[in-house]
Amino acid sequence: VQLQASGGGLVQAGGSLRLSCAASGRISVVTAMGWYRQAPGKQRELVAKIYDAGTINYADSVKGRFTISRDSAKNTVYLQMNSLKPEDTAVYYCYGDIGWARRDYWGQGTLVTVSS
């Protein structure tokens with residue numbers, strides 16, 4: 001299984017970006033997909049996660065600004081990021097809980113830079 005993320009870039013504060021992540025390979029079941037991020041000098045943290053049953057978790061810092069969605073038919077997850085702040089600057093990693101063995105998979109990371 002591979003996760004391919006795209007959509008990062010440079011944006012001014014208050015702007016928007018949309019990240020996409022597609023899972024490919026031998027996929028039997030997808031329990032959850034989502035996004036984590038890691039800023040310089042900080043630990044990786046959960047941004048948003050969506051479960052197959054529809055439950056969604058957001059980090060408190062992004063609630064009301066970010067929206068996660070999923071196209072189950074395409075095994076693709078999206079993260080719409082609005083009202084971006086400089087503190088959102090980080091490498092964003094796509095995540096998937098995939099397969100009957102509930103194994104974690106990670107994408108290659110995409111850099112989001114928000115200028116003030």
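Definitions and limits used
Residues numbered from 1 in each chain as written. Predicted model: local features only at pLDDT ≥ 70, side-chain atom pairs only at ≥ 80, totals over all residues. Heavy atoms only, no water. Phe/Tyr/Trp six-rings, centres within 6.5 Å; stacked < 30°, edge-to-face > 60°. Helix = DSSP H or I, 4+ residues; strand = E, 2+ residues; numbered from the N terminus. Buried < 20%, exposed > 50% of the residue type's maximum accessible area, 1.4 Å probe, protein only. Pairing = 2+ DSSP bridges.

A few points about the packing of aromatic side chains
Centre distance and the angle of the planes are the two values used to describe a pair of aromatic rings.
Here's step 1: Following the criterion strictly, the structure yields 3 aromatic pairs and no others.
Here's step 2: Considering the side-chain rings of Tyr36 and Tyr95, the 5.5 Å spacing of their centres and the 65° angle between planes classify their relative orientation as edge-to-face. Residue Tyr36 is found in strand S4 (residues 30-38), and its partner Tyr95 is found in strand S9 (residues 90-98); the two are separated by 59 residues along the sequence.
Here's step 3: Residue class for Tyr36 comes out buried when judged on its relative accessible area of 16%.
Here's step 4: Tyr95 sits in the buried class, given a relative accessible area of 6%.
Here's step 5: Plain terms: the ring middles of Tyr36 and Trp106 are 5.1 Å apart, the flat faces sit at 70° to each other, and that makes the pair edge-to-face. Taken together, the residues Tyr36 in strand S4 and Trp106 in strand S10 (residues 103-106) connect sequence positions 70 residues apart.

Digging into the pairing of strand S8 (residues 76-81)
Here's step 1: Counting buried positions along S8 yields 5 of 6 residues, so the element is predominantly enclosed.
Here's step 2: One ladder, built from 6 bridges, connects strand S3 (residues 17-24) with S8; its direction is antiparallel. Its bridge partner being in S8, Cys21 is matched across the sheet by Val77.
Here's step 3: Sheet topology places strand S7 (residues 66-71) next to S8; 6 bridges connect them, and they run antiparallel. The partner of Asp71 across the bridge, within S8, is Thr76.
Here's step 4: Counted between consecutive antiparallel strands, the loop separating S7 from S8 contains 4 residues, among which Asn75 sits at a positive phi close to 50°.

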